[in-house]
Amino acid sequence: MTKKIFIILALLTATLTASSQEKKWYDNLKLSGYGILQYQASDKKGDEENSINLRLLRLILDGKINNVDWRVQVQGTGSSVFLVDLYAEWQLHEALRLKAGQFKRAFTFENPTHPITQGWYAYAMAVNKLAGFGDRTGEKPSGGRDIGVQLQGDLFRVAGHPLLHYQVGVYNGEGINTKDKDNRKDIIGGAWLIPFKGMRIGAFGWTGSRGGYTIDGKTDQSLSKTRYSLSAEYDYNDWTFRTEYIHSKGYGTAKAGDGGTTIEQKKGDRADGFYAFAIVPIIKHKLHLKARFDVYRDEYESGRKIWSDLSEGVRTIHYEGGIDYMFNKNLELNLMYSRIDEHSRDYSTMYINKYKYNMVDLELDIRF
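As the structure is a prediction and not an experimental result, all values here were calculated from the model. (Residues numbered from 1 in each chain as written. Predicted model: local features only at pLDDT ≥ 70, side-chain atom pairs only at ≥ 80, totals over all residues. Heavy atoms only, no water.)

A.B. asks: Provide a residue-level description of the overall build of the chain, including the pertinent values.
C.D. replies: Along the chain, the regular secondary structure elements total two helices and 16 strands. A buried classification covers 48% of the 368 residues belonging to the chain. A separation of at least 24 residues holds for 58% of the contacts in the chain among residues at least 6 apart in sequence. (Helix = DSSP H or I, 4+ residues; strand = E, 2+ residues; numbered from the N terminus. Buried < 20%, exposed > 50% of the residue type's maximum accessible area, 1.4 Å probe, protein only. Contact = heavy atoms within 4.5 Å.)

A.B. asks: Quick one: what's the story with the pattern of salt bridges, residue by residue and with numbers?
C.D. replies: Pairing is possible between side chains of opposite charge, provided their charged atoms come close. Tallied over the entire structure, the rule returns 26 salt bridges. Residue Arg105 is joined to Glu139 by a salt bridge in which the shortest nitrogen-to-oxygen separation is 2.9 Å. With Arg105 in the loop between strand 5 (96–104) and helix 2 (125–130) and Glu139 in the loop between helix 2 and strand 6 (145–158), this residue pair connects regions lying 34 residues apart in the sequence. Glu139 carries the same exposure label as Arg105, and that label is buried. Across the salt bridge formed by Arg297 and Asp272, the nearest N and O atoms sit 3.0 Å from each other. Of the two residues, Arg297 is situated in strand 13 (residues 287–299) and Asp272 in strand 12 (residues 270–283); the sequence distance between them amounts to 25 residues. Salt bridges here are not isolated pairs; linked through shared partners, they connect Glu110, Arg200, Glu233 and Arg242. (Salt bridge = Lys/Arg side-chain N within 4 Å of Asp/Glu carboxyl O.)

A.B. asks: An account of empty space enclosed by the protein is needed here, citing residue identities and associated values.
C.D. replies: The tally for this structure, following the rule as stated, stands at one cavity of 30 Å³ or more. Here the largest cavity defines a volume of roughly 30 Å³. If you go around the largest cavity, the residues you meet are Arg136, Thr137, Ser224, Lys225, Arg227, Ser248, Lys249, Gly250 and Tyr251. The set of elements that each furnish at least two residues to the lining of the largest cavity consists of strand 10 (218–236) and strand 11 (239–249). (1 Å grid on protein atoms, 1.4 Å probe; cavity = no way out; pocket = protein on both sides within 12 Å on 5 of 7 lines; lining within 4 Å. Points joined across faces, edges and corners; volume = space filled by probe spheres on them.)

A.B. asks: Which residues make up the pairing of strand 10, and what values go with them?
C.D. replies: Side-chain direction in a regular strand flips from residue to residue, so the side chains alternate between the two faces of the sheet. When strand 9 (residues 199–215) meets strand 10, the two strands line up antiparallel, connected through 14 bridges. Paired with Thr207 across the two strands is Thr226, which belongs to strand 10. Remark: two residues form the turn of the hairpin made by strand 9 and strand 10, two consecutive strands paired antiparallel; Asp216 in that turn has positive phi of roughly 50°. When strand 10 meets strand 11, the two strands line up antiparallel, connected through eleven bridges. Each residue of the ladder has a partner; that of Glu233, found in strand 11, is Arg242. Between the end of strand 10 and the start of strand 11, which pair antiparallel, lie two residues, with Asn237 showing a positive phi angle near 55°. (Pairing = 2+ DSSP bridges.)

A.B. asks: How would you summarise the packing of aromatic side chains if you had to cite specific residues and measurements?
C.D. replies: Each aromatic ring pair is summarised here by two numbers: the centre-to-centre distance and the angle between the ring planes. All chains considered together, the criterion is met by 16 aromatic pairs. Here the aromatic rings of Phe109 and Trp192 are separated by 5.2 Å at their centres, their planes lie at 85°, and the arrangement is edge-to-face. One end of the pair, Phe109, is in the loop between strand 5 and helix 2; the other, Trp192, is in strand 8 (residues 186–193), and 83 residues separate them in sequence. Just as Phe109 is buried, Trp192 falls in that class too. The rings of Phe107, Phe109, Trp192, Phe204 and Trp206 are connected pair by pair, giving a single aromatic cluster. The aromatic ring of Tyr296 is capped on one face by Lys129, whose charged end is 5.6 Å from the ring centroid. The ring of Trp192 carries Arg200 above its face, with NZ or CZ at 4.9 Å from the centroid. (Phe/Tyr/Trp six-rings, centres within 6.5 Å; stacked < 30°, edge-to-face > 60°. Lys NZ or Arg CZ within 6 Å of the ring centre and 35° of its normal.)

A.B. asks: Can you explain unusual backbone geometry? Please cite residues and give values.
C.D. replies: Glycine aside, negative phi is the norm for most residues, and most peptide bonds take the trans geometry. Despite not being glycine, Thr108 shows a phi value in the positive range, around 75°. Structurally, the position occupied by Thr108 is in the loop between strand 5 and helix 2. Phi at Asp220 is positive, roughly 55°, even though this residue is not glycine. Topologically, Asp220 is positioned in strand 10.

A.B. asks: Tell me about the environment of Leu130, and name the residues and values.
C.D. replies: You can see Leu130 is positioned in helix 2. Distance from Leu130 to Tyr228, taken between C-alpha atoms, is 9.6 Å for residues 98 residues apart in sequence. Setting aside residues up to four positions removed in sequence, Leu130 forms contacts with Phe107, Asp135, Arg136, Trp206, Arg227, Ile246, Ser248, Ala271, Asp272 and Tyr296.

A.B. asks: Account for the nonpolar core, with residues named and values stated.
C.D. replies: Core analysis: the largest hydrophobic core is formed by 31 residues, its most contacted members being Phe107, Val127, Ile188, Ile246 and Tyr296. Of all the secondary structure elements, the ones that give two or more residues to this core are helix 2, strand 8, strand 9, strand 12, strand 15 (331–346) and strand 16 (351–367). Excluding its chain neighbours within four sequence positions, the residues that come into contact with Tyr296 are Met125, Ala126, Lys129, Leu130, Arg136, Ala271, Asp272, Gly273, Val314, Arg315 and Thr316. Residues Tyr34, Ile36, Leu56 and Ile116 belong to the second largest nonpolar core, which totals five residues. (Core = buried A, V, L, I, M, F, W, Y, C linked by side-chain atoms within 4.5 Å.)

Written as structure tokens, this is what we have:
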């Protein structure tokens, strides 16, 4: 698997390098990558885990042609190798940049964050389920990406930083490496204010659909979805605080990210979640403490949307704490503990299963 990735990128690098020598198009060709080794253990009754695995292995080739930046990123998982990113961004001006290809959707602050600098063993549950990682709609895991075109830019520079950022994109709505199944496009946009360096306050909206469903015995049907996110973050001088609330309207399959096309109507058409975390330095740029509160509700009745009472219903709550140590910029160790309170529904009987259990996650992050 790894050998195949290196062969592909080596051939691509050789081709582009030859072009650069002949036509001098490429000024900053760069090959990089990262891997995350993971040990995870949990004592969930009936589903205990004690395993070492490779969470991620990615290789990245970046380049520049005049004022156009481009990227190719591939991922190896198990025995498969697949394309993650393939895009070019035309940087016309700080206030006007046009990106086309396969890349991160313009939704939430957390989605585009690098898996290592994101700081946790996984993205927040609402981001995973409602931003295209293992999506509620059944869309196969896509790392928050899709195929499309996006316009973005920074406006009103004050005191060395832009006051406003905007981004809006048009996407297939099907995830990575997949054609549009219903010829309808997703429109996703967001904007945030930067009142001072390190602070962002933003909002995002998403309207679209996914095709290929079986609904009431009819095949090739489209399933609409409407989502929004409210976000706030402070990230400066090695201190990071972030919180986001995400809401979704639209039916989903029985299991998120299963690639399925049969909706589970008993599950309802609404889901939401929020998280809040803090990562604070004990030794600046070396040793950090972290804590996160993460909640996701896979279904709720619109007339009973009461966050003050999370004792019932279909939801999962994570109480998390951890520590990380950076040996250097290329090597980092993360240790995290989670106390998980989970209520999941068996939709054949509508019975709610309740679990409380512990999970430990240890990761070694390598950049090269």
